[in-house]
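Commentary on secondary and tertiary structure
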Amino acid sequence: MVSTTPDPRQAAAPGGPVRRPRQTAAPDGPVRIEAHGIDLIPDGERRGHPRELFSVWAAANVNYLSLVIGGALVLMGLSLWQAVAVIVVGNLFWLLTGLLAISGPAAGAPSEVITRAVYGVRGNRVNNAVTGWLISVCYFALNLAAAATAASALVGKAGLPVGTGVQVAVVVLIAALTLLIGVYGHALILRLYLPITLVLTAAFAVVAVAVVDHADFGHTPVAPLTGSDLWATVLAGITLTASGPLSYTTSADFSRYLPRTACAKAIAGWTAFGAFLPSVVVCSLGALAATAVDMTDPQTALGGILPGWFEPLFLLALVLGTIAINALTAYSAGLALQAVGLRVRRTVSVLADGAVAVALTLYALLVSDFLDTVSDVLQLTVVLLGPATAVYAADILLRRNRYDGPALTDETPRGPFWYTGGVNWAGAAALAAGVTVAALCVNTLYTGPIAAALDGIDIALPAGIGVAGTVYAVLMRRSPTVLAARSGL
């Protein structure tokens with residue numbers, strides 16, 4: 001059983017003196033900028049209950065993207081109930097997000113630091129640069145562009161001209177609101193996300209009434225898919241749906257302030273359930289809507305079936321939902337930038353991430369189709385994120401969730417997580433093996449040889465996760481740091 005029970009010897013690094021976390025006078029409050037970055041959270045500042053995580057993840061998943069994904073599944077040729085089944089299975093990957101979250105209270109550190117146990121101090125810098133920072137900033141830009149489009153439509157409905165200046169102002173304003181939450185940090189997120197969840201739930205309840213009133217619950221495609229075509233589409237749909245959960249390999253960032261004694265099952269459960277429930281409901285609404293309107297342009301199509309008075313409120317809800325999800329992304333991207341080795345305060349790193357995302361968004365909206373290219377590339381992120389999630393999860397299980405927080409902050413060659421030259425080659429090899437196998441099995445922008453041999457069926461997600469997790473477990477089962485953690489030393 002996974003345990004978060006602390007050991008009194010955890011405060012000492014092997015071969016070193018006992019080190020005690022720095023104590024501060026008072027924890028951060030919701031109206032004070034969070035002082036902590038990737039440093040350890042002292043026990044005196046740990047408080048709260050795992051149930052608080054529900055609203056954090058719910059607010060981030062009552063959003064426009066989930067509607068689009070649900071509609072896309074029907075457009076891909078699935079019947080309504082096939083699409084709903086795919087939605088449920090794909091969103092079960094939130095269980096992995098919940099599992100990763102339990103490592104936060106155990107270590108008192110964010111995911112960006114905990115993964116030093118997986119890749120080593122130097123190897124983890126590369127991991128954070130790619131899976132942490134680069135992918136997060138790209139997602140930030142994509143979501144920001146979607147929110148800017150909705151906000152620009154709202155400006156147009158107000159009778160104002162939507163020119164270049166307005167577009168720039170909209171992007172900057174939405175980014176500023178997002179970064180404000182990210183800069184103030186953890187306490188403000190906990191305070192804001194419950195009311196945001198309630199507001200978004202109310203808005204999408206109105207959408208649900210309109211969609212259900214127009215939906216065809218017996219919808220089947222004109223030419224139903226069968227055989228390998230059906231399986232290829234089902235697996236592609238599961239991969240598309242699972243890309244959301246797999247993009248949150250940083251769930252410990254939002255649980256690390258909980259006490260060490262917080263129940264691991266409760267942490268995993270509230271995290272997973274908080275994301276799973278709204279994702280399934282909103283994705284299913286998207287699938288239902290696709291039986292009644294053309295979801296190739298969801299915003300316009302849904303506007304045709306919503307009450308006229310509600311359409312501006314719907315656009316505002318889309319913007320609010322995007323701000324909620326992007327604030328989490330900006331917060332974690334800021335921590336990733338620190339973990340890469342940039343010696344700046346978390347507030348500065350968050351603002352730097354936002355500046356890059358705004359620049360990408362403006363370039364895309366005003367100059368080229370850059371975001372279309374980025375969107376295509378992000379379809380392949382499951383090739384990397386699936387194995388990365390599997391390796392992290394395997395490490396938690398191997399160590400029985402026992403992490404020496406102070407030792408994880410030791411970046412010197414004498415530290416236990418320096419491994420060989422600063423790299424844990426077992427972690428690197430497991431990730432490389434998982435990514436390689438996934439790349440051979442993928443069928444998105446290109447068709448890998450294994451997918452081609454399977455008549456186009458894309459098994460990149462299960463193959464990458466299975467290989468990466470298995471290789472890591474085999475290579476690390478006799479590792480001194482794992483054995484020490486399992487024995488409680």
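1. Things to note about the packing of aromatic side chains
This structure, assessed with the given rule, holds eleven aromatic pairs. Their ring planes at 85 degrees and their centres at 6.0 Å tell us that F54 and W270 sit as a pair that is edge-to-face. Placement of F54 in helix 1 (residues 52-59) and of W270 in helix 12 (residues 264-290) is noted, with a sequence separation of 216 residues between them. Each member of the aromatic cluster is reached from another via a ring pair, and the members are W57, W94, Y248, F254 and Y331.

2. Structural notes on unusual backbone geometry
Phi is positive for R400, close to 55 degrees, though the residue is something other than glycine. If you trace the backbone, R400 turns up in the loop between helix 17 (381-398) and helix 18 (405-408). One non-glycine residue, D455, lies in positive phi territory at about 60 degrees.

3. Comments concerning the environment of S103
Along the chain, S103 falls in helix 5 (residues 103-107). Once the C-alpha coordinates of S103 and A169 are considered, the two residues, 66 residues apart in sequence, prove to be 40 Å apart. Not counting chain neighbours up to four residues away, the residues in contact with S103 comprise I114, A252, Y392, I396, N401 and Y403.

4. Digging into the side chain of R346
Here R346 is to be found in helix 15 (residues 346-366). There is a polar contact of 3.4 Å between the side chain of R346 and the backbone oxygen of E34.

5. Things to note about the nonpolar core
As a rule of thumb, soluble globular proteins bury nonpolar side chains together. Within the largest apolar cluster, 129 residues are counted, with the highest numbers of intra-cluster contacts made by Y193 and L302. Residues within four places of L302 in sequence aside, it is in contact with L67, V211, A289, M295 and F314. In terms of nonpolar packing, the next biggest core, distinct from the first, is built from six residues, V383, A438, A460 and A463 among them.

6. Side note on the pattern of salt bridges
Under the counting rule described, the total for this entry stands at nine salt bridges. A salt bridge links R116 to E411; the nearest nitrogen and oxygen atoms lie 3.5 Å apart. With R116 in helix 7 (residues 116-119) and E411 in the loop between helix 18 and helix 19 (425-441), the pair connects residues that are 295 residues apart, well separated along the chain. In this structure, R343 and E411 form a salt bridge, with 3.5 Å as the shortest nitrogen-oxygen distance. With a gap of 68 residues between them, R343 in the loop between helix 14 (311-340) and helix 15 and E411 in the loop between helix 18 and helix 19 connect regions that are remote in the sequence.

Calculation rules
- Numbering of residues starts from 1 in each chain and follows the order in which that chain's sequence is written.
- Only residues with pLDDT of at least 70 are given local features in this predicted model, and only at 80 or more are side-chain atom pairs given and counted; all residues enter the totals for whole chains, interfaces and linings.
- Where side-chain values are given, they derive from all heavy atoms of the structure, hydrogens and water being excluded.
- Centres within 6.5 Å are what make two rings of Phe, Tyr or Trp a pair, Trp counting through its six-membered ring; a difference in plane orientation under 30 degrees is then read as stacked, over 60 as edge-to-face, and the rest as tilted.
- A run of H or I in DSSP becomes a helix once it reaches four residues, and a run of E becomes a strand once it reaches two; helices and strands are each numbered from the N terminus.
- When checking whether two residues touch, look at their non-hydrogen atoms; a contact exists if any pair is within 4.5 Å.
- Throughout this description, a polar contact denotes any pair of N or O atoms lying within 3.5 Å of each other; where both atoms belong to protein, one of them has to be capable of donating a hydrogen while the other can accept it, and for residues adjacent in sequence the pair is counted only when both atoms sit in side chains.
- What is meant by a nonpolar core is a set of buried Ala, Val, Leu, Ile, Met, Phe, Trp, Tyr and Cys residues, joined one to another through side-chain atoms within 4.5 Å.
- Think of it in three bands: with a 1.4 Å probe and only protein chains considered, a residue is buried below 20% of the maximum accessible area for its type, exposed above 50%, and partly exposed in between.
- For salt bridges, the criterion is a side-chain nitrogen of Lys or Arg within 4 Å of an Asp or Glu carboxyl oxygen.

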